[in-house]
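# A look at the structure
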There are 2 protein chains.
Amino acid sequence: MARIVAKFGGTSVADIERIERAADKIAREVALGNEVAVVVSAMSGVTNQLVEYCNDISEGHDVREYDTVVSSGEQVTAGLMAMALQKRGINARSWMGWQVPILCSEAHGKARIESIDSAKMIERFKEKDVAVLAGFQGVTERERIATLGRGGSDTTAVALAAALNADRCDIYTDVDGVYTTDPRIVKKAQKIEKISYEGMLELASLGAKVLQTRSVEMAYKRDIPLQVLSSFDDAIGSDLPGTLVTREEDIMEKHVVNGIAYDKSEAKITLFDIPDSPGIAAKVLGPMSEANINVDMIVQNISADGKVTDFTFTVPKDDLDKAIEKLKADEAFKDAQIKANKDIVKISVVGIGMVSHAGVAQTMFATLAEKGINIQVISTSEIKVSVIIAKEYLELAVRSLHTAYGLDMEEVA
Amino acid sequence: MARIVAKFGGTSVADIERIERAADKIAREVALGNEVAVVVSAMSGVTNQLVEYCNDISEGHDVREYDTVVSSGEQVTAGLMAMALQKRGINARSWMGWQVPILCSEAHGKARIESIDSAKMIERFKEKDVAVLAGFQGVTERERIATLGRGGSDTTAVALAAALNADRCDIYTDVDGVYTTDPRIVKKAQKIEKISYEGMLELASLGAKVLQTRSVEMAYKRDIPLQVLSSFDDAIGSDLPGTLVTREEDIMEKHVVNGIAYDKSEAKITLFDIPDSPGIAAKVLGPMSEANINVDMIVQNISADGKVTDFTFTVPKDDLDKAIEKLKADEAFKDAQIKANKDIVKISVVGIGMVSHAGVAQTMFATLAEKGINIQVISTSEIKVSVIIAKEYLELAVRSLHTAYGLDMEEVA
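Residues numbered from 1 in each chain as written. Chains lettered and ligands numbered in written order. Predicted model: local features only at pLDDT ≥ 70, side-chain atom pairs only at ≥ 80, totals over all residues.

### What about the overall build of chain A?
What counts is decided by this rule: Going along the chain from the N terminus, every DSSP run of H or I of four or more residues is numbered as a helix, and every run of E of two or more is numbered as a strand. Radius of gyration here is computed from C-alpha atoms only, and the compact-globule reference equals 2.2 Å multiplied by the residue count raised to the power 0.38. Counting other C-beta atoms within 10 Å of its own, a residue is labelled buried from 20 upward, exposed at 12 or fewer, and partly exposed in the gap between, with every C-beta atom placed from the backbone. Contact between two residues is assigned whenever their backbone-derived C-beta positions fall within 7 Å.
Secondary structure assignment for chain A yields twelve helices and 20 strands. Whereas a compact globule of 413 residues would reach a radius of gyration of roughly 22 Å, chain A reaches 23 Å, a difference of no more than 12%. For the C-alpha atoms alone, the extent of chain A along its principal axes is close to 75 × 60 × 30 Å. Going through the 413 residues of chain A one by one, you find that 49% of them count as buried. Within chain A, contacts between residues separated by at least 24 positions form 74% of all contacts whose residues are at least 6 apart in sequence.

### Notes on the relation of the copies chain B and chain A
Here is the rule: Residues reaching a pLDDT of at least 70 in both copies supply the C-alpha atoms on which the copies are superposed by least squares.
You can overlay chain B on chain A at an RMSD of 0.1 Å; the transform is a turn of 180 degrees with a shift of 0.0 Å along its axis. On the angle and the small slide along the axis, the relation comes out as a two-fold axis. Taking the C-alpha atom as reference, chain B places Ser 72 of chain B closest to the rotation axis, 2.7 Å from it. Looking at the interface residues of chain B, 100% of them are also at the interface in chain A, so both copies use one shared face.

### Here we look at the sheet that holds strand E13 (residues 259-263) of chain B
Residue and element names in this part refer to chain B. What counts here: By this definition, two strands are paired if DSSP reports at least two bridges between them. To obtain each axis, a line is fitted to C-alpha atoms, and for helices this fit is confined to the stretch in contact; angles are then taken between N-to-C directions over 0 to 180 degrees.
Taken in spatial order, the four strands line up as E13-E18-E20-E19 in an open sheet, and their pairing is antiparallel. Each edge of the open sheet is held by one strand with a lone partner, namely E13 and strand E19 (377-381). Going across the sheet, the axis of each strand differs from the next one's by a mean of 20 degrees, ignoring polarity. Sheet analysis places E19 next to strand E20 (residues 384-390), joined by five bridges and oriented antiparallel. Bridging across to E20, Ser 381 finds its partner in Lys 384. Sitting on the sheet, helix H11 (residues 359-370) touches strand E18 (344-350), E19 and E20, and the angle it makes with E20 is about 15 degrees.

### Some words on the interface of chain B and chain A
Put simply, the rule is: Each residue gets one label: Ala, Val, Leu, Ile, Met, Phe, Trp, Tyr, Cys and Pro are nonpolar, Asp, Glu, Lys and Arg are charged, and the others, such as Gly, are polar.
Counting residues at the interface gives 27 residues for chain B, matched by 27 residues for chain A. Where the side of chain B that touches chain A is concerned, the elements lending two or more residues are helix H2 (46-57), helix H3 (63-70) and helix H4 (72-87) of chain B. Among the elements that line the side of chain B that touches chain A, the one with the most residues is H4 of chain B, at eleven residues. Broken down by class, the residue content of the side of chain B that touches chain A amounts to 13 nonpolar, nine polar and five charged.

### With respect to the packing of helix H6 (residues 152-163) of chain B against helix H8 (residues 213-222) of chain B
Residue and element names in this part refer to chain B. Threshold: Should an angle fall under 35 degrees it is called roughly parallel, over 145 degrees roughly antiparallel, and 65 to 115 degrees roughly perpendicular, with every other angle called oblique. By convention the crossing between two helices is left-handed if the near helix lies anticlockwise of the far one by an angle smaller than a right angle, and right-handed if it lies clockwise.
Remark: H6 packs on H8, axes separated minimally by 8 Å, with the N-to-C direction vectors making an angle of 15 degrees. Taken together, the axis directions place H6 and H8 in an arrangement best described as roughly parallel. Seen along the crossing, H6 lies across H8 with a hand that is left-handed. Where H6 approaches H8, its residues Asp 154, Thr 155, Ala 157, Val 158, Ala 159 and Ala 162 are matched on the opposing element by Arg 214, Ser 215, Met 218, Ala 219 and Arg 222.

### A few points about the nonpolar core
The condition that has to hold: A set of buried residues qualifies as a nonpolar core if it consists of Ala, Val, Leu, Ile, Met, Phe, Trp, Tyr and Cys joined through C-beta atoms within 7 Å.
Core analysis: the largest hydrophobic core is formed by 250 residues, its most contacted members being Met 81 and Val 132 of chain A together with Met 81 and Val 132 of chain B. What Met 81 of chain A contacts, discounting residues up to four positions off in sequence, is Ile 19, Ala 22, Ala 23, Val 38, Val 40 and Val 132 of chain A.

### A short note on the sheet that holds strand E14 (residues 266-275) of chain A
Residue and element names in this part refer to chain A. As summarised here, the arrangement of the four strands in space is E15-E16-E14-E17, forming an open sheet in which the pairing is antiparallel. Among the strands making up the open sheet, the edge pair consists of strand E15 (298-300) and strand E17 (337-341). Direction aside, the axes of adjacent strands within the sheet are offset by 15 degrees on average. Bridge analysis of E14 against strand E16 (residues 308-316) gives eight bridges, and the strand direction is antiparallel. Paired with Pro 275 across the bridge in E16 is Val 308. Packed on one face of the sheet, helix H10 (residues 320-328) meets E14, E16 and E17 and runs near 175 degrees to E17.

### Quick notes on unusual backbone geometry
All names here are of chain A. In this chain, Val 100 is followed by Pro 101 through a cis amide linkage whose omega measures -10 degrees. In this structure, Pro 101 sits in the loop between strand E3 (92-95) and strand E4 (102-104). You will see that Glu 143, though not glycine, has its phi angle at about 65 degrees, which is positive. Examined against the element boundaries, Glu 143 turns out to sit in the loop between strand E7 (137-139) and strand E8 (145-147). One non-glycine residue, Asp 223, adopts positive backbone phi at about 60 degrees. Summarising the element assignment, Asp 223 is placed in the loop between helix H8 (213-222) and strand E11 (226-230).

### Some words on the domain arrangement of chain A
All names here are of chain A. We apply this condition: Domain start and stop positions are those given by an automatic or database domain assignment.
Here chain A is partitioned into domain 1 (3-248) and domain 2 (255-413). Taken residue by residue, the interface counts 19 residues in domain 1 and 19 residues in domain 2. Of all the secondary structure elements, the ones that give two or more residues to the side of domain 1 that touches domain 2 are strand E10 (194-196) and helix H7 (197-205). A per-element tally of the side of domain 1 that touches domain 2 places H7 first, with four residues. Counted by class, the side of domain 1 that touches domain 2 contains nine nonpolar, six polar and four charged residues.

### Some thoughts on H2 of chain B
Note the following rule: Given the number of residues in a helix, its expected span is that number minus one, multiplied by 1.5 Å.
The end-to-end C-alpha distance of H2 of chain B, which contains twelve residues, comes to 17 Å, matching closely the 16 Å that a straight helix rising 1.5 Å per residue would cover. Elements in contact with the buried residues of H2 of chain B: helix H1 (16-31) and helix H4 (72-87) of chain A together with H3 and H4 of chain B.

### Let's talk about the pairing of E16 of chain A
With three bridges connecting them, E15 of chain A and E16 of chain A associate as antiparallel partners. Across the sheet, residue Ile 298 of chain A finds its bridge partner in E16 of chain A, namely Phe 313 of chain A.

### Observations regarding the pairing of strand E18 (residues 344-350) of chain A
Residues and elements named next belong to chain A. Most of E18 is tucked away, with seven of its seven residues classed as buried. Of the two faces of E18, the one carrying Ile 344, Lys 346, Ser 348 and Val 350 and the one carrying Val 345, Ile 347 and Val 349 are both buried. Bridging between E18 and strand E20 (residues 384-390) involves seven bridges; their strand directions are antiparallel. Pairing of Ile 344 across the sheet is with Ala 390, part of E20.

### Looking at the environment of Asp 330 of chain B
By the secondary structure assignment, Asp 330 of chain B is in the loop between helix H10 (320-328) and strand E17 (337-341). Placed 47 residues apart in sequence, Asp 330 of chain B and Lys 283 of chain B show a C-alpha to C-alpha distance of 9.2 Å.

### Brief notes about the confidence of the model for chain A
In plain terms, the rule: How sure the predictor is of each residue is captured by pLDDT, a score from 0 to 100.
Averaged over all residues, the pLDDT of chain A is 91; the fraction at 70 or higher stands at 96%. The ipTM value of the predicted complex is 0.82, and its pTM value is 0.84.

### Overview of the packing of helix H3 (residues 63-70) of chain A against H4 of chain B
Here H3 of chain A crosses H4 of chain B at 160 degrees, and the two axes come no closer than 7 Å. The orientation of H3 of chain A relative to H4 of chain B falls into the category roughly antiparallel. Helix-helix and strand crossings are classified by hand; for H3 of chain A and H4 of chain B the assignment is left-handed. Of the residues in H4 of chain B, those touching H3 of chain A at Glu 65, Thr 68 and Val 69 of chain A are Gln 75, Val 76, Ala 78, Gly 79, Leu 80, Ala 82 and Met 83 of chain B.

Here is the structure:
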């Protein structure tokens, strides 16, 4: 017997038929003797419609009212899922964030879960009761509904798993696991059976949008094994058919490189001929931080004469115009030449074993050089190497690296 | 300055444009210095969609989960309305039933409001705050969401008006008031400016579906003037453009007859040749009550020989088959001949002044006789006379009676 939290995303509860299929899976988990709590997203499309309503009224709407409106989608799915389980002879009831309660910070629209009172749910497990929790939402101390931001249902699921001291948190979605790279680009991409929290975090933050970064961080911190699996397959979570995200020491077979990720959402800004003085990075990044613009990669070149230097960094494409405006308005850069480039892509090699394998970065650089792909910016961490290259080389680079690191699926003769 | 509750029904908040128009009306009430609380229904079509989801999963769904699902529609509108008011520079916040709280009975799906804690709203009136309340819902002592049944937002509005000790409750809808009869049948139907609670109750219960009966009863009991008015006109509630439902003594000009109502939803059942013994009515109606079938009109004929009699009553058309089944299964009626007729209509003349005007019923019978319309069943109360006639005479009967009671609008030359 295990205690499991199972989360179903929007496409997995898109209509009544899919809600019924999801309920079938839960029924099989219950039949195995497991204690199960279910977390549901809104039916796909619903949240977008609700957000559109809010924006139609006013772009600058009150976030507390926004939360009231958009949280209703999960409320509907939770009630429907409880009904579908009851129809299968299973005791079930829905829980809204305020009923549990799931206490959240006052940061409406992107609130953080502060505590979950799971006592009542645990009490009901004794009566074989399945708890169906509306994801993405909680309640503030002022008794207003707060939402966790898009994709927040993953976070709800992991937080609930932690509060329930669950053995595993299954994230049912529309893909059957995490892949070594995007299967749309590389046909030989393979499903990863097990990956460490750190590896998953890098993959998630680099554009592999299977799990919300915050939910992986929380699972890591609370040591909850997370499984990404498909709601469209026949398998259930206890069959372990998906990708298990767990502690490094629980992974027997360790790949040096887990996967190749890419991210097309960034643009590059370079400041040429700016004074090479201490504190220049702060001078550049200060205005970005003030304008709430996320800066990702940062490279400062060594200047030949020690007087002027070049400074390169990346920002989300959507924020590019705002970023340039900010820099131009700054007295410090009045003489600087500013160049922006949207036609770039970030390619990353991610692997928990990298730190002890010096050759990993070298393989990346050599592979790209061999294909004639120019590297514009390099950034490294303990478990990843990222480069910026021209966008047109995206597919070629990802495929070549996938092969170079031995990630290609073996062809069946 | 007045304290007003304004309720907007589904068609009045059907889309963002209509929510904005409704907000404009509230803004004008606020500009007049009034304290305003708003009660909103779900956007039209939303509740039906949610009910359909529930029925798709299971006809016998858990009513607590049903309430969780269907109450979400009002939650969305309340948040959107609060935003629309804020956009107009008005302090506003949404309130869900559980936030107020509006304490309800445990009778999920058709709960009764037991109490409304209006202290916080009244406190906020001092800061010119408009309260936007999600209609149709409350919370039980077990902290589950409960709904009041279809049309329950009218009841929410009147209950809130009572709790706030409001001067008036405006019900904005898609018609501009209560009419002397259905304007689709009688072109010369007139809008009633003022009508008593009792008169409105009879009209409402007889098929004039402008106001939910329970909301009129509650307004009557709590002495809250109710106004039915259009959300599509330019006028606002304080212009008193609609039909005001109020105490009889507040109505200056008293019509003997307020209006002509009709109801096509019933079917007639007659039992022939049943033993004319005491308690026969109870024997017929007992099984109906057991089967939860509402019996409306009841007529027992005097038997010529004192041995057998005929017994006629009406039930909702939808329950007709079930009613007949029940009767046939009953030992007491094993020899009775049972006849049912769906092609009937109930026509009612309603007026608070009727009790003191003996001629009112006589006018009705004479008018119908003159047109060759046979009366099948008659039933009277202090303020109405109802008859059952063949359905084919519906329009002729309503038009003739409307003229006979002097209700026709005068033609403008």
